[in-house]
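Given next are the chains, with one letter for each unit.
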Amino acid sequence: MKTVTLTILRFNPETDREAAYREYRVDVEPTDRVLDALSKVKWYQDGTLTFRRSCAHGVCGSDAMRINGVNRLACKVLMRDVGDRVTIEPLMGFRVIKDMVVDMEPFFAQYRSVLPFMINDSRPPQRERLQSIADRERFDDTTKCILCAACTTSCPSFWANEEFVGPAAIVNAHRFIFDSRDEAAGARLDILNDREGVWRCRTIFNCTEACPREIRITKAIGEVKKAILYGSTAP
């Protein structure tokens, strides 16, 4: 066990004029996660510290934050990999509600705007709509999104313009655009064929590097751009 210093950016808009860093010293094991260290601060040192957490296993995406300047999930980062001094800050580009908790509603509004659900108005078959392995593989990568916002809030285009639909929304549109069972690819492509849609992407790859599920986000965005340009979702 060793003692580490957590430097946490604290802000409560009800009492603070501006955000300020505060330091906390915590005893941790090398295999503890950053989430464990934050929990020790909250449980034993400062109960006012506020952050989101749920499954704590990298599935829900609720504990996305900046750890040493990089967007990551606190439940997936081990203390042995971040050193003896760890800086923790909220995701960039969103209004801070308190400490690490940010207002995710604009993010989810962009997500909803791309119709992230199956649309098929044809008569349903007697059993399930079958799909070949190859057809499934066409969009398999983008089914892994957990809506943590790590990709969108790492994007310079989003920092510059909050109207940008963002990588996460495009990834979730991709998941249905290339699904052979869906019938609304054209509608989604029309939505994304916009100044604030896929064309705002500058192919910087920050989103791909930030994704905790290792989705090839920039590749997916490129495939959506090609589908718009060539009018086809074929491989």
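Given the structure is predicted, the values throughout are model-derived calculations rather than measurements. (Residues numbered from 1 in each chain as written. Predicted model: local features only at pLDDT ≥ 70, side-chain atom pairs only at ≥ 80, totals over all residues. Heavy atoms only, no water.)

## Some details on the nonpolar core
Counting 64 residues, the largest nonpolar core has Leu-6, Val-34, Leu-38, Met-79, Ile-88, Leu-192 and Val-224 as the members making the most contacts within it. Take this core: its biggest share by element is 6 residues, from helix H5 (residues 167–177). (Core = buried A, V, L, I, M, F, W, Y, C linked by side-chain atoms within 4.5 Å. Buried < 20%, exposed > 50% of the residue type's maximum accessible area, 1.4 Å probe, protein only. Helix = DSSP H or I, 4+ residues; strand = E, 2+ residues; numbered from the N terminus.)

## A look at the side chain of Thr-152
Here Thr-152 is to be found in the loop between helix H3 (133–137) and helix H4 (156–160). The exposure class of Thr-152 is buried, given its relative accessible area of 3%. Engagement of the side chain of Thr-152 in a polar contact is seen with the backbone nitrogen of Ala-168, the distance being 3.3 Å. Apart from residues no more than four positions distant in its own chain, Thr-152 is found in contact with Phe-107, Phe-158, Gly-166, Pro-167 and Ala-168. (Polar contact = N/O pair within 3.5 Å; in protein donor to acceptor, adjacent residues only side chain to side chain. Contact = heavy atoms within 4.5 Å.)

## A few points about the packing of H5 against helix H6 (residues 185–192)
The interhelical angle for the contact between H5 and H6, taken along N-to-C directions, is 155°, at an axis separation of 9 Å. Classified by the angle between their axes, H5 and H6 sit roughly antiparallel to one another. Here H5 runs over H6; the crossing is left-handed. Residues Ile-170, Ala-173, Phe-176 and Ile-177 of H5 pack against Ala-185, Arg-188, Leu-189 and Leu-192 of H6. (Axes fitted to C-alpha atoms, helices over the stretch in contact; angles between N-to-C directions. Parallel < 35°, antiparallel > 145°, perpendicular 65-115°, else oblique. Left-handed = near helix turned anticlockwise from the far one by under 90°.)

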